[in-house]
Amino acid sequence: MKNKTDGAGVPAAACSPEHALYLKKRRREGLLVQIARFSLLVALFGAWELVAAVKLVDPFIISSPSRIAVQIAALAADGSLFYHIGVTLWETLAGFAIAVALGTGTALLLWWSERLRRVLEPYIVVLNSLPKIALGPVIIIWFGTGSAAIVFITVLIGVIIATMQMLGGFLATDKNKILLLRSMGANKRQILQKLVLPSALPQFVGMLKICVGMAWIGSIMGEYIVSKAGLGYLIVYGGQVFKLDLVMAATVILCALAAGMYALVALAERLLVRR
Amino acid sequence: MQTQTRAPVLEFDDVRLTYHTAAGETTAAEHLTFSVGAGEFIAVIGPSGCGKTTLLSLAAGLLAPSAGQVRMHGAPVRCGRGVGYMLQKDELFPWRTVEENIVLPLEIAGQNTPQQRKRALELAEKYGLGGFLKHGPDQLSGGMRQRAALIRTLAARPQLLLLDEPFSALDYQTRLSVCDDVYNIIRAENKTALLVTHDISEAISVADRVLVLTARPARVAAAHALGFGRAVPLERRKDARFARWFDVLWQELNGKAAP
């Protein structure tokens, strides 16, 4: 019952030897996991480098970590690296933000009006199952081959899932708490504001996490279909001219960016969902 | 606040309620007539599924009767006017502190003025929640949570408290003490209360009068003035009349439950 909060590195003041041992074990286990994680990465890259260096497989086909590093350095040197990152990042973030806002807004409307929800239900189901990529040609014709088209694809991929997630969250609001508010004479707006929105906060963060993934899928896929710049463009271009170094370099950068964005959302979760 | 009218706080006048679903219709209550006087504590018991919660929804104005009238101080009840509803679970909002939970009804009613707030928090202070106002509900024990829920119910100064088995989610020990607790607060604040429960002994230990409902459609089968005066629940449980009332109510419930 009197568990101290872990993690914060509670100074071992006035704790039993048994508890000290437990804490030590915990720390050691944590350290071990960290080391294992890092070693795995090093091992993978090492093996890759080795396979390429001894020409077990032609590095022309599989590239290698050192060649990737050289490639990234070259891209950075001529400034195009940051240009491409910027383009993709902008498309991803814009698509993400619009999808989240639009999805949440739509979910609110659908929560508000049960009739609207029933009317739109089959449309949402169809849109959700439709592979958005099928709309590629239409989007090119409507939006051209610039960033607008890619942002649109990104929004398209994220918005339906965002809507469905948030609507699910809104509809899962505790019925008894709604009853309680209604007995106080609350109107629908008050129920939304005082209860539905705050109680759907965990759902909102969950939706953000899903949408981060969706936004990257959208922007890179969009760049595969139409683009003149961006990391997806580099990957496609590298593939076409058989420059695997370029493909791998862009992929590695993409991994890092996606991880960074996820970390930001995880941070937002810690800040938002405290209680 | 002091009303001079002799009209009962709550009146059910030949109320019928019919639920409609795609599968058909169900009459939950029919010819339901009773009244609750000012300062009275009424307990309603009945066979399970007889529509006890429906009765509270009608009293709160959350449901409109299909026929007949539900009146508060002589006028038809209106949702959110003058009633405080207390549910089985405390339903405190975990993202609000105890204080923010307590003033919730004031926010809803648009009465979140400094004076009203102060009064509500004084009530919390008076009943031992003073030290917990800035805490989250999760940091409170089950009994304290239920007490906070009661103070929240009282915050908007309702003329009638509706209690829907407010102790049944607690373990037995806590239940007895919370029952005492809630009883004392309601008496001290001179509130009128309508409690529905399936627990006969709970009904006897708090009420001035017990109404026994029939199986669906619910109707008042019997009404008993218990005559315990202001004796607190724990005293009543020791009283010899307690067992006698238990017998009477038990037989009425079971006699009527299986026709």
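Presented here is a report on the structure given in the accompanying data block. (Residues numbered from 1 in each chain as written. Chains lettered and ligands numbered in written order. Predicted model: local features only at pLDDT ≥ 70, side-chain atom pairs only at ≥ 80, totals over all residues. Heavy atoms only, no water.)

In terms of helices and strands, chain A carries 12 helices and zero strands. Beginning at the N terminus, the succession of helices and strands in chain A can be written as α-α-α-α-α-α-α-α-α-α-α-α. Relative to the 2.2 N^0.38 estimate, which gives 19 Å for 275 residues, the radius of gyration of chain A is 24 Å and therefore markedly larger than a compact globule would have. Taking the principal axes of the C-alpha coordinates as reference, chain A spans close to 75 × 70 × 30 Å. In chain A, which comprises 275 residues, the proportion classed as buried is 34%. Contacts spanning at least 24 positions in sequence make up 72% of the contacts within chain A whose residues lie at least 6 apart. Element-wise, carbon and sulfur atoms account for 69% of the exposed surface of chain A, whose accessible area totals about 16100 Å². Across chain A, the 26 positively charged side chains and the 13 negatively charged ones have centroids separated by 12 Å. (Helix = DSSP H or I, 4+ residues; strand = E, 2+ residues; numbered from the N terminus. Rg over C-alpha atoms; globule rule 2.2 N^0.38 Å. Buried < 20%, exposed > 50% of the residue type's maximum accessible area, 1.4 Å probe, protein only. Contact = heavy atoms within 4.5 Å. Areas by Shrake-Rupley, 256 points an atom, 1.4 Å probe, with all protein chains shown as cover. Lys, Arg positive; Asp, Glu negative; His and termini not counted. Charge placed at Lys NZ, Arg CZ, Asp CG, Glu CD.)

If you look at the interface, chain A gives 17 residues, while chain B gives 19 residues. Here chain A packs against chain B, burying approximately 1800 Å² in sum over the two surfaces, 67% of which is carbon and sulfur. At the surface where chain A touches chain B, the tally comes to two salt bridges. Residue Glu91(B) is joined to Lys177(A) by a salt bridge in which the shortest nitrogen-to-oxygen separation is 3.0 Å. If you look at where chain A meets chain B, you find four residue pairs in polar contact (both at pLDDT 80 or more). (Buried area = accessible area lost by both parts, 1.4 Å probe. Salt bridge = Lys/Arg side-chain N within 4 Å of Asp/Glu carboxyl O. Polar contact = N/O pair within 3.5 Å; in protein donor to acceptor, adjacent residues only side chain to side chain.)

Further remarks concern the pattern of salt bridges. Under the definition given, this model contains 20 salt bridges over all chains. The salt bridge involving Lys177(A) is made with Asp174(A); its shortest N-O contact spans 3.5 Å. Take Lys177(A): its relative accessible area is 11%, and that puts it in the buried class. Ionic pairing is found between Glu107(B) and Lys194(A), a salt bridge with its closest N-O pair at 2.7 Å. In this pair, Glu107(B) sits in helix α3 (residues 104-109) while Lys194(A) sits in helix α9 (residues 188-199), so the two residues belong to two different chains.

Let's shift gears to the pairing of strand β7 (residues 160-164) of chain B. Residue and element names in this part refer to chain B. The element β7 is extensively covered by neighbouring structure, given that five of its five residues are classed as buried. Of the two faces of β7, the one carrying Leu 160, Leu 162 and Asp 164 and the one carrying Leu 161 and Leu 163 are both buried. As paired elements, strand β6 (residues 83-86) and β7 share four bridges and run parallel to each other. By the bridge assignment, Gly 84 is partnered in β7 with Leu 161. (Pairing = 2+ DSSP bridges.)

Nonpolar side chains collect at one region of the surface, where Leu50(A), Val54(A), Leu56(A), Val57(A), Phe60(A), Ile61(A) and Phe242(A) lie side by side and expose about 690 Å² of accessible area between them. Here Leu50(A) lies in helix α1 (residues 17-53). (Patch = residues over 30% accessible without salt bridge, like charges linked within 9 Å, V, L, I, M, F, W, Y side chains within 5 Å.)

Further remarks concern the side chain of Glu107(B). For Glu107(B), a relative accessible area of 19% puts it in the buried group. A polar side-chain atom of Glu107(B) sits 2.7 Å from a polar atom in the side chain of Lys194(A). Residues within four places of Glu107(B) in sequence aside, it is in contact with Gln190(A), Lys194(A), Arg96(B), Glu100(B) and Asn112(B).

Attention now moves to the environment of Thr145(A). Residue and element names in this part refer to chain A. One can find Thr 145 in the loop between α6 (136-143) and α7 (147-171). For Thr 145, a relative accessible area of 36% corresponds to the partly exposed category. Not counting the four nearest positions on each side in its chain, Thr 145 is found in contact with Ile 140, Val 226, Ser 227 and Lys 228.

All names here are of chain B. The strand order across the open sheet built from four strands is β2-β1-β4-β5, with neighbouring strands paired in antiparallel fashion. What marks the edges here is a single partner per strand, and that holds for β2 (24-36) and β5 (75-76). Judged from the five bridges that link them, strand β1 (residues 10-21) and strand β4 (residues 67-72) form a sheet pairing that is antiparallel. The residue bridging Asp 13 from the neighbouring strand is Gln 69, located in β4.

Bringing the sheet that holds strand β10 (residues 220-225) of chain B into the picture now. Residues and elements named next belong to chain B. A sheet is described by the order of its strands in space; here six strands give the open sequence β6-β7-β8-β3-β9-β10, paired in mixed fashion. With one partner strand each, in any of the chains shown, β6 and β10 form the two edges of the open sheet. Between one strand axis and the next, the sheet turns by 15° as a mean value, whatever way the strands run. As paired strands, β7 and strand β8 (residues 192-196) are joined by five bridges and run parallel to one another. Bridge pairing links Leu 161 to Ala 193 in β8. (Axes fitted to C-alpha atoms, helices over the stretch in contact; angles between N-to-C directions.)

Attention now moves to the packing of helix α4 (residues 80-112) of chain A against helix α5 (residues 114-129) of chain A. All names here are of chain A. Where α4 meets α5, the axes come as close as 6 Å, and the angle between the chain directions of the two elements is 125°. The orientation of α4 with respect to α5, classified from their angle, is oblique. Residues Leu 109, Leu 110, Trp 111 and Trp 112 of α4 pack against Glu 114, Leu 116, Arg 117, Leu 120 and Ile 124 of α5. Of the residues assigned to the contact of α4 with α5, the class counts are seven nonpolar, no polar and two charged. (Parallel < 35°, antiparallel > 145°, perpendicular 65-115°, else oblique. Nonpolar A, V, L, I, M, F, W, Y, C, P; charged D, E, K, R; others polar.)

All names here are of chain A. Under the criterion given, the structure shown has nine aromatic pairs over all chains. Seen from their ring centres, Tyr 233 and Tyr 237 are 6.0 Å apart, and the 15° between their planes marks the pair as stacked. Of the two residues, Tyr 233 and Tyr 237 are both situated in helix α11 (residues 231-240); the distance of four residues between them amounts to about one turn of the helix. We classify Tyr 237 as partly exposed; its relative accessible area is 36%. (Phe/Tyr/Trp six-rings, centres within 6.5 Å; stacked < 30°, edge-to-face > 60°.)

Honestly, it's all geometry; don't read function into it.
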